[in-house]
Amino acid sequence: MAHVQPEWKQIQENTFRRWCTQRLRSRDMQIDNLSEDLSDGLRLIALLEALSQKKIGRYNKKPRLRAQKLENCGLCLDFIKSEGVHVVNIGNEDIVDGNLKLILGLVWTLILHYQINVGFQDDTEEGSSKQTPKQILLAWIQEKLPEKRIRNFTTDWNSGVNVASLVDAISPGVCPEHATMDESNALENATLAMDRAEQWLEIPQVLTPQELVNPNVDELSVMTYLSFFPECKAKPGARESLPNPTPIEETATSSPVEVEESMGMSEMVDLDEHKAEPADEADAPSFDPSTWTAFGPGIEDAHGQAYDEGQFTVRRGSGGSDNNLQVKVVNTSLGKMELPAEIKQNDDDTYTVTYSTAEPGQYLVSVLASGVDIAGSPFAVPVVDVAKVRVDGPKEDLKIGDVVTCHVDASFAGPGDVTATVVTPNGDQQQCQITPLSAGKYKVQTIADKSGKYAVTVAFAGTSVSARPLLINILAESVQPDIDLEVLEAKSGRHLVTLSQVLLSTEIRAVKRTVYEKYPKVHISRIQLRIEARGKALKDSDTVGSLGLKSGSRLYLKDLGPQIGWKTVFVAEYLGPLLIYPLLYARPELIYGDGASSAPYHGVVQLVIFSFCTVFAGLFLDMFGLCYLNEY
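Below or above, wherever it landed, is the structure these notes cover. (Residues numbered from 1 in each chain as written. Predicted model: local features only at pLDDT ≥ 70, side-chain atom pairs only at ≥ 80, totals over all residues. Heavy atoms only, no water.)

## Details of the overall build of the chain
Now for step 1: The helix and strand inventory of the chain stands at 17 helices and 24 strands.
Now for step 2: When the 632 residues of the chain are sorted by exposure, 38% land in the buried category.
Now for step 3: By sequence separation, contacts in the chain at least 24 residues apart represent 61% of the contacts at least 6 residues apart.
Now for step 4: In the structure as shown, the chain presents an accessible area of about 36100 Å², 51% of it carried by carbon and sulfur atoms. (Helix = DSSP H or I, 4+ residues; strand = E, 2+ residues; numbered from the N terminus. Buried < 20%, exposed > 50% of the residue type's maximum accessible area, 1.4 Å probe, protein only. Contact = heavy atoms within 4.5 Å. Areas by Shrake-Rupley, 256 points an atom, 1.4 Å probe, with all protein chains shown as cover.)

This is the structure:
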């Protein structure tokens, strides 16, 4: 049965593909298939150069071989890292092999760095650029549409009304229909709003109206589309070109103050006459912020979990006003931008405060009554995301006496300590050493003194990183593993044979013999093996282990063409003279004429011919035996 992608994944792939094509317009290129079109690295190089406005350097402009494609894609990944972009879990082979999941992750990283983050560089305060792109974009939209109470990048946009409102908020009068739109006409609303945005704000439709109104649309696709809005500018005459443009002048239901404020004339209005008279200070109750208290898990000095809600209770003390309670929440690990907090007044002089902990980090919760911090405020609340902790163990089996090393990366998991437990094959707990390497990165080490399975359990902020321990196999003594090798044709890259269970001590001459047995079309005398398609020939005396080959490595076979065998060479070089010289001695008339046969031989000539035949006969026997061995 064919595998059908979920709708959200197909929408995301379409959106990211259109975004790449939109960015490649200046290069007259387009992406039709993310899995295939980036595999040789050429379009990816063009995309990076278009995004960064930098040259990537020398690369293979006509990559035909896999090695050339790997080189191009590796060059791209190195360039991305040099731009300060954090790229994980993807290598050049993933791009060449068309790993769609990892390629989508790479494209999203580029969207974050070169579009969403760049769109807010000029507007953010120093340090606030560390705020998550999702929070920055959401805060900007909430500022543009304060009356809409937008909380997410999925369901809040399905009706199309909020897109229309955003278009009209950026360029008033471009989409006035937003005020009377019926949410049940989602596709009609989205089509109108997105067409107006494309026509007058030059917002490309990397996301289609049909995809936007789909209840399964994912937030990354919506964020990608909306990230074009902060930098957009309306074309001149956008309002005037629309039918029945909405007037800005005073309406019958508008007050003079509202009209003047909408026209930027609020400084001409005496607003003091609209203010209520302040209460007499003698009548106000005595205010003591120390009598106000706050309690609950949302401000306790314990590790909360990301994506949960932080909730706590504030009990009102003496003095102060119901309207003067303020709560400020900041994730100091990401910046200074204040996060939204919801305050609900209860019937017993208490308030319930709820805020979102969408990202891990050190949260600072300030509770103020009449502008003054209450007792204990501000509260430090560490929030962690254990799912973002990565633990890597040894890739191969170890032997007794080896140092077992596990690497822990908790740099994106929030503030917390790393602990580890090591259990030996006998079930005993063994001591281990945890060494900090850099910010959020550690190594856990212990000595293997028994054979069998060692179980390593890593915990972060008191919570186990995984449900099962990391198992490490310790061998009683060093053994030589078997590996599998793939042999490809050097010229075309075509698969020829797969060699299974090859020992690291196997010499290349033995590998050739095995290849010849499995692929007799090329004689063993014509086989030349290489590590790279255009690399140097491997020596017959080289071993698989000395070349650094691992299971899954590839060897390239070059056909040297017809060869003159060792036996042919030595027969011609030694047997030829051994036959020709005695023949000339016995039949000199073949060269000197008929009279030569009757002339007597000098004694020296007879001595020379005897010595010559004896020496060449011995050489022939020695070399023939040697060439026989070389042949096999």
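## As for the side chain of threonine 15
Now for step 1: Structurally, threonine 15 is set in helix α1 (residues 7-23).
Now for step 2: Setting aside chain neighbours within four positions, we find threonine 15 in contact with Val206, Leu207, Glu211, Ser221 and Thr224.

## Overview of the packing of helix α3 (residues 42-52) against helix α6 (residues 100-116)
Now for step 1: At a minimum axis distance of 11 Å, the contact between α3 and α6 shows a crossing angle of 15°. Between α3 and α6, the crossing angle belongs to the class labelled roughly parallel. The handedness of the crossing between α3 and α6 comes out as left-handed. Residue-level inspection shows Leu44, Leu47, Leu48, Leu51 and Ser52 of α3 in contact with α6, the latter providing Leu106, Leu110 and Tyr114.
Now for step 2: Here the residues of the contact of α3 with α6 are counted per class, giving seven nonpolar, one polar and no charged. (Axes fitted to C-alpha atoms, helices over the stretch in contact; angles between N-to-C directions. Parallel < 35°, antiparallel > 145°, perpendicular 65-115°, else oblique. Left-handed = near helix turned anticlockwise from the far one by under 90°. Nonpolar A, V, L, I, M, F, W, Y, C, P; charged D, E, K, R; others polar.)

## A closer look at the sheet that holds strand β1 (residues 293-295)
Now for step 1: Strand order in the open sheet made by the four strands is β1-β3-β7-β6, with antiparallel pairing throughout. Here the strands that pair on one side only, and so sit at the sheet edges, are β1 and β6 (341-345). Geometrically, the sheet is characterised by an average inter-axis angle of 25° between neighbouring strands, direction not taken into account.
Now for step 2: Judged from the three bridges that link them, β1 and strand β3 (residues 309-315) form a sheet pairing that is antiparallel. Following the sheet pairing, alanine 294 is matched in β3 by valine 314. (Pairing = 2+ DSSP bridges.)

## A word on the pattern of salt bridges
Two side chains bearing opposite charge may form a pair once their charged atoms approach each other closely.
Now for step 1: Summed over all chains, the structure comprises 15 salt bridges.
Now for step 2: The salt bridge partner of lysine 388 is glutamate 359, with a shortest N-O separation of 3.4 Å. Remark: glutamate 359 occurs in the loop between β7 (350-356) and β8 (361-369) and lysine 388 occurs in the loop between β10 (379-384) and β11 (390-392); sequence separation between them is 29 residues.
Now for step 3: A salt bridge links aspartate 540 to lysine 512, with the shortest nitrogen-to-oxygen separation between them at 2.9 Å. (Salt bridge = Lys/Arg side-chain N within 4 Å of Asp/Glu carboxyl O.)

## Quick word on the packing of α1 against helix α11 (residues 219-226)
Now for step 1: Where α1 contacts α11, the axes come no closer than 9 Å and their chain directions differ by 25°. When the axes of α1 and α11 are compared, the pair comes out roughly parallel. Crossing handedness for the pair α1 and α11: left-handed. Contact residues: α1 offers Ile11, Gln12, Thr15, Phe16 and Trp19, while α11 offers Leu220, Ser221 and Thr224.

## Examining the layout of surface pockets
Now for step 1: Estimated volume of the largest pocket: approximately 1900 Å³.
Now for step 2: Those elements that place two or more of their residues in the lining of the largest pocket are α1, α6, α7 (133-144), α11 and β11.
Now for step 3: In terms of residue count, α6 provides more of the lining of the largest pocket than any other element does, nine residues in total.
Now for step 4: Here the lining of the largest pocket is built from residues that sort into 23 nonpolar, 14 polar and eleven charged. (1 Å grid on protein atoms, 1.4 Å probe; cavity = no way out; pocket = protein on both sides within 12 Å on 5 of 7 lines; lining within 4 Å. Points joined across faces, edges and corners; volume = space filled by probe spheres on them.)

## Details of the side chain of glutamine 22
Now for step 1: Secondary-structure assignment places glutamine 22 in helix α1.
Now for step 2: Overall, glutamine 22 belongs to the buried group, its relative accessible area being 16%.
Now for step 3: Beyond its immediate stretch of four places on either side in the chain, glutamine 22 contacts Pro204 and Phe228.

## Some points on the sheet that holds strand β17 (residues 441-447)
Now for step 1: Pairing within the open sheet is antiparallel, and its four strands lie in the order β11-β13-β17-β16. A single partner strand is all that each edge strand has here, and the edge strands are β11 and β16 (433-438). The sheet shows a mean angle of 20° between the axes of neighbouring strands, taken without regard to direction.
Now for step 2: Where β11 lies against strand β13 (residues 403-409), three bridges are found, and the strand directions are antiparallel.

## As for the packing of aromatic side chains
Now for step 1: In the structure shown here, the tally under the stated rule is five aromatic pairs.
Now for step 2: Judged by centre distance (6.0 Å) and plane angle (10°), the rings of phenylalanine 16 and tryptophan 108 are stacked. Of the two residues, phenylalanine 16 sits in helix α1 while tryptophan 108 sits in helix α6, which places them 92 residues apart along the sequence.
Now for step 3: Counting every residue linked through ring pairs, the aromatic cluster contains Phe312, Tyr355 and Tyr363. (Phe/Tyr/Trp six-rings, centres within 6.5 Å; stacked < 30°, edge-to-face > 60°.)

## Let's talk about the pairing of strand β18 (residues 452-460)
Now for step 1: The sheet contact formed by strand β14 (residues 418-423) and β18 spans six bridges and is antiparallel. The residue of β18 that forms the bridge with valine 423 is alanine 455.
Now for step 2: Hairpin connection of β18 to strand β19 (residues 463-464): two residues between the antiparallel strands, including alanine 461 at a positive phi of 55°.

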